[in-house]
Amino acid sequence: ALRFEVPLEANSTREFVLIEERTGSESITLSYLDYDEMRMYALNKEFDEQSRAKLAEVAVRMKQVADLEDESERLDDQLATVNAEQTRLRGNIQTLNSVAGQQQRVQEMAEQLAQNEARIKALEARIQTLADDAEKLQEQIEVDLLALAF
């Protein structure tokens, strides 16, 4: 029971208006959400337009990071395939070196090895570029999320 002191004269009545308010807060951890979940929050009408726009920007960046990671995985698979081919070629060269009259074929395989080495370097460089780009986007996402308040 709540009690309030209201000064009154004898034999008088007075209306006392009491307004009750409850202040509450709700927090949402956004840092571990994926693109689809972040997009859901960006479309949530409970948030103001500016907050939804910021969440949409973060969602777009998250999608870009996911796309970069997918591309990196695809290139990792290609790199593994090329490395396996290199191992196979080296084995074949070793075998053919002991067989007379196979020098032309050994030379062709050696050229293919050199081409594959160039391809490996290009794939590794591209994978590193993708990782750097993803890291920059992830840092920007973290900055954006820390700046959000609504």
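Structure's up top.
As the structure is a computational prediction, the values presented were derived from the model and not from experiment.

Student: What is the right way to look at the environment of Asp 67 in this model?
Tutor: Topologically, Asp 67 is positioned in helix H2 (residues 49-97). Asp 67 gets classed as partly exposed once you look at its relative accessible area, which sits at 37%. For Asp 67 and Leu 130, which are 63 residues apart along the polypeptide, the C-alpha to C-alpha distance reads 9.7 Å.

Student: Before we go on, may I ask you to explain the nonpolar core in this structure?
Tutor: Note on soluble globular proteins: their nonpolar side chains tend to be buried together. One finds Leu 30, Met 38, Tyr 41, Leu 55, Val 58, Ile 141 and Leu 145 to be the most contacted residues of the largest nonpolar core, which totals 24 residues. Every element with two or more residues in this core is listed here: helix H1 (35-42), H2 and helix H3 (103-147). Residue contributions to this core peak at nine residues, all from H2. The residues contacting Ile 141, other than those within four sequence positions of it, are Val 58, Arg 61, Met 62 and Val 65. In terms of nonpolar packing, the next biggest core, distinct from the first, is built from six residues, Leu 89, Leu 96, Met 109 and Leu 113 among them.

What counts and how
- Residues numbered from 1 in each chain as written.
- Predicted model: local features only at pLDDT ≥ 70, side-chain atom pairs only at ≥ 80, totals over all residues.
- Heavy atoms only, no water.
- Helix = DSSP H or I, 4+ residues; strand = E, 2+ residues; numbered from the N terminus.
- Buried < 20%, exposed > 50% of the residue type's maximum accessible area, 1.4 Å probe, protein only.
- Core = buried A, V, L, I, M, F, W, Y, C linked by side-chain atoms within 4.5 Å.
- Contact = heavy atoms within 4.5 Å.

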